[in-house]
Amino acid sequence: QVQLVESGGGLVQAGASLKLSCAVSGFTFSSYVMGWFRQAPGKEREFVAAIRWSGVTRQYADSVLGRFTISRDNAKNTVYLQMNLLKPEDTAAYYCAARRGGVSKYSGEYDYWGQGTQVTVSS
């Protein structure tokens, strides 16, 4: 059974940091590209970051570039999203996802999804 479980969300003030984790089981983690997406109420799901199996190729949304860092530990079957200098507009449910193939910013190209973890940033 494929399972992706996010953790690390919370309520913080603007300028704070959070580190999200996504623990993966049920498939060969090292064979998959991993991504992070987010969705705020009333908005479409938005690409945040993605990382290839080797960790060499990474992609970020312009809105988070320079503030967020995606990483993975294949030995632990875990992908991370380090979020610094958080802004109120970062408030959303954050989801991790997995896909075969190359790094992608399109949610429809991902095969597996977690249930999400809420990040709320107050001003």
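Up top you'll find the structure we're talking about.
Remember, predicted model here, so these are calculated numbers, not experimental data.

What counts as what
Residues numbered from 1 in each chain as written. Predicted model: local features only at pLDDT ≥ 70, side-chain atom pairs only at ≥ 80, totals over all residues. Heavy atoms only, no water. Buried < 20%, exposed > 50% of the residue type's maximum accessible area, 1.4 Å probe, protein only. Helix = DSSP H or I, 4+ residues; strand = E, 2+ residues; numbered from the N terminus. Pairing = 2+ DSSP bridges. Phe/Tyr/Trp six-rings, centres within 6.5 Å; stacked < 30°, edge-to-face > 60°. Lys NZ or Arg CZ within 6 Å of the ring centre and 35° of its normal.

Q: Explanation requested: the pairing of strand β9 (residues 92–99) in the structure shown.
A: In regular strands, side chains alternate between the two faces of the sheet. Burial runs high along β9: eight of the eight residues are buried. With seven bridges joining them, strand β4 (residues 33–39) and β9 adopt antiparallel strand pairing. Following the sheet pairing, valine 33 is matched in β9 by arginine 99. Bridge analysis of β9 against strand β11 (residues 117–122) gives three bridges, and the strand direction is antiparallel. In the strand pairing of β11, alanine 93 is matched with glutamine 118. Here β9 runs beside strand β10 (residues 112–113); their pairing, made up of two bridges, is antiparallel. Within β10, the position partnered with alanine 97 by the bridge is tryptophan 113.

Q: Help me understand the packing of aromatic side chains in this model?
A: The geometry of two aromatic rings is summed up by the distance between their centres and the angle between their planes. All chains considered together, the criterion is met by seven aromatic pairs. Seen from their ring centres, phenylalanine 37 and tryptophan 113 are 5.1 Å apart, and the 55° between their planes marks the pair as tilted. One end of the pair, phenylalanine 37, is in strand β4; the other, tryptophan 113, is in strand β10, with 76 residues separating them in the sequence. Under the relative-accessibility criterion, phenylalanine 37 is labelled buried at 0%. Cluster of aromatic residues (ring-pair linked, three or more members): Phe37, Phe47, Tyr110 and Trp113. Directly above the aromatic system of tryptophan 113 lies the positively charged group of arginine 45, at a separation of 4.8 Å from the ring centroid.

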